[in-house]
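Single-letter residue listing:
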Amino acid sequence: MFSDELLKIDWDQTTQSIQAKRESDVLRALSKEHCNVDDFMALISPAAEPYLEQMAQLSRKYTMQRFGKTISMFIPLYITNSCTNSCVYCGFHVSNPMPRTILTIEQIEDEYKAIKALGPFENILLVTGENPAKAGVDYILAAVELARKYFANVKIEVMPLKSEEYKTIADHGMNGVVCFQETYHRENYKIYHPKGMKSNFEWRVNGFDRMGQAGVHSIGMGVLVGLEEWRTDMTMMAYHLRYLQKNYWQTKYSVNFPRMRKAENDGFQPNVIMSDRELAQLTFAFRIFDHDVDISYSTREPAFIRNNMATLGVTTMSAQSSVEPGGYYTYKKAALPQFNVTDERTVSEVIAALKEAGREPVFKDWDDIMN
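Read on for a plain summary of the structure. Here, residues in each chain are numbered from 1, in the same order as that chain's written sequence. Local features in this predicted model are restricted to residues whose pLDDT is 70 or higher, and side-chain atom pairs enter the listing and the counts only when it is 80 or higher, whereas totals over whole chains, interfaces and linings include all residues. Values shown for side chains rest on all heavy atoms present in the structure; no hydrogens or waters enter the calculation.

Further remarks concern the overall build of the chain. Every helix listed is a DSSP run of H or I at least four residues long, and every strand listed is a run of E at least two residues long, numbered separately from the N terminus. In terms of helices and strands, the chain carries 15 helices and 9 strands. For this measure, only C-alpha atoms enter the radius of gyration; the expected value for a globule follows 2.2 Å times N^0.38, where N is the number of residues. The C-alpha atoms of the chain give a radius of gyration of 20 Å, which matches the 21 Å a tight globule of 371 residues would have. Principal-axis analysis of the C-alpha atoms gives the chain an extent of 60 × 45 × 45 Å. Across the 371 residues in the chain, those meeting the buried criterion constitute 60%. Contacts in the chain between residues far apart in sequence, at least 24 positions, make up 73% of those at least 6 positions apart. The protein chains shown are the only cover counted for residues, whose accessible areas, like all others here, come from Shrake-Rupley with a 1.4 Å probe. Accessible area of the chain: about 15,300 Å², with a carbon and sulfur share of 51%. Positive: Lys, Arg. Negative: Asp, Glu. His and the chain ends are not part of the count. By convention, the point assigned to a charge is CZ for Arg, NZ for Lys, CD for Glu and CG for Asp. Counting 41 positive and 47 negative side-chain charges, the chain places the centres of these two groups 2 Å from one another. Burial classes follow relative accessibility: with a 1.4 Å probe on protein chains only, a residue under 20% of its type's maximum area counts as buried, one over 50% as exposed, and anything between as partly exposed. Any two residues having at least one pair of non-hydrogen atoms within 4.5 Å are treated as being in contact.

Next comes the structure, spelled out in structure tokens:
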């Protein structure tokens, strides 16, 4: 399990090693066809900042070689905001006095129909809070089975499950799983997740092993930028990616690094703010580090950044996303969103911008040939 491997990697030493990288380390990484994690550390280090343009061109080159000009489009659907966790940064926090919604199967189908009316989406991501008693495996399974009537590719972003549960849902039409570790800092993880099933660091981080053991076709990984020193957290995710690729080599992988914004009220304030330039550096570094990994940007990021990065390394994007249950049809924005959407363009506007940038939005990129 990866939790055992992570014990061998010291957080503070990794932070120091990144900061100690020099120009020679960056140039060595840029000259290599295949980079290791130490090279990745050099590419995200402050020493690499003067080489951002060179990194951008190399990232563009590898992206074109592996993905061409395509951008895979998906749309998230939140089917419940009921949650038993106490994540201090999340709008679905169990102590937040907000209306809790668990869409019925009939309401979920209305959402599917409303999404199909927005655009030719075939890739959908079903998102839930973590409440196994009220919206557990059977509920997720029913939503997945129904989704396959409308969509070719169905992924889930739900509570970490047992390996056999992932296998069961996959057997009924689920193609992939997305899970955010949030942070790999084992000690501080508990600060951000004090109560609920998500407070168990080992259960969450080893969930990716259980996905691999279940033969999940696609696994999405993510760190929430704003909790801990982002360069160290991303290095841990790079270690994790390499571990998974070695042990579950038949699986396709994607990475995501959403940035937290400063709260306008008394909400949780991020400990770290990543600049636009640093986001670009990280994106280029990941593409140079791994030519085949999908890099996904959600509507958390503003339109101008998504437009630019679509030509330089990003390969998957959402569009016209609603981040509250029933946001497409059933409740029409009545529920509280999990986070604020920054890119509020319509599907057609996103398509037009991508085509103007020379990219080709793809709404269906994988099918289960047995169905």
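Note on definitions: salt bridges are taken to be side-chain nitrogens of Lys or Arg within 4 Å of carboxyl oxygens of Asp or Glu. Following the criterion strictly, the structure yields 23 salt bridges and no others. Measuring nitrogen to oxygen at the nearest pair gives 2.6 Å for the salt bridge that ties Asp39 to Lys32. Relative accessible area serves as the criterion here: at 1%, Asp39 is assigned to the buried category. A relative accessible area of 26% places Lys32 in the partly exposed class. Salt-bridge contacts for Arg242 lead to Asp290; the nearest nitrogen and oxygen are separated by 2.8 Å. Taken together, the positions of Arg242 in helix H12 (residues 230-247) and Asp290 in the loop between helix H13 (276-289) and strand S7 (294-297) put the pair 48 residues apart, joining distant regions of the chain. Where salt bridges share partners, they join Lys21, Asp25, Arg28, Lys32, Asp38 and Asp39 into one cluster.

Residues are called lining when one of their atoms sits within 4 Å of a cavity or pocket point, these points coming from a 1 Å grid over the protein atoms alone, where a cavity is a set in which a 1.4 Å probe fits but cannot get out and a pocket is an open set with protein on both sides within 12 Å along at least five of seven lines. Grid points are joined across faces, edges and corners, and a volume is the space filled by probe spheres set on the points. Tallying each qualifying case throughout the model produces 1 cavity of 30 Å³ or more. Computed from the structure, the largest cavity encloses a volume of approximately 50 Å³. What lines the largest cavity is Asn256, Phe257, Pro258, Arg259, Leu279, Ser296, Tyr297, Ser298, Arg300 and Glu301. As a working rule, the residues Ala, Val, Leu, Ile, Met, Phe, Trp, Tyr, Cys and Pro are called nonpolar, Asp, Glu, Lys and Arg charged, and the rest polar, with Gly in that last group. When grouped by side-chain class, the residues that make up the lining of the largest cavity number 4 nonpolar, 3 polar and 3 charged.

On to helix H3 (residues 23-31), then. Of all the positions in H3, only Asp25, Val26, Ala29 and Leu30 are classed as buried. One face of H3 carries all of its buried residues, which in axial projection span an arc of 135°. The arc under discussion is defined with respect to the helix axis, by the directions toward the C-beta atoms.

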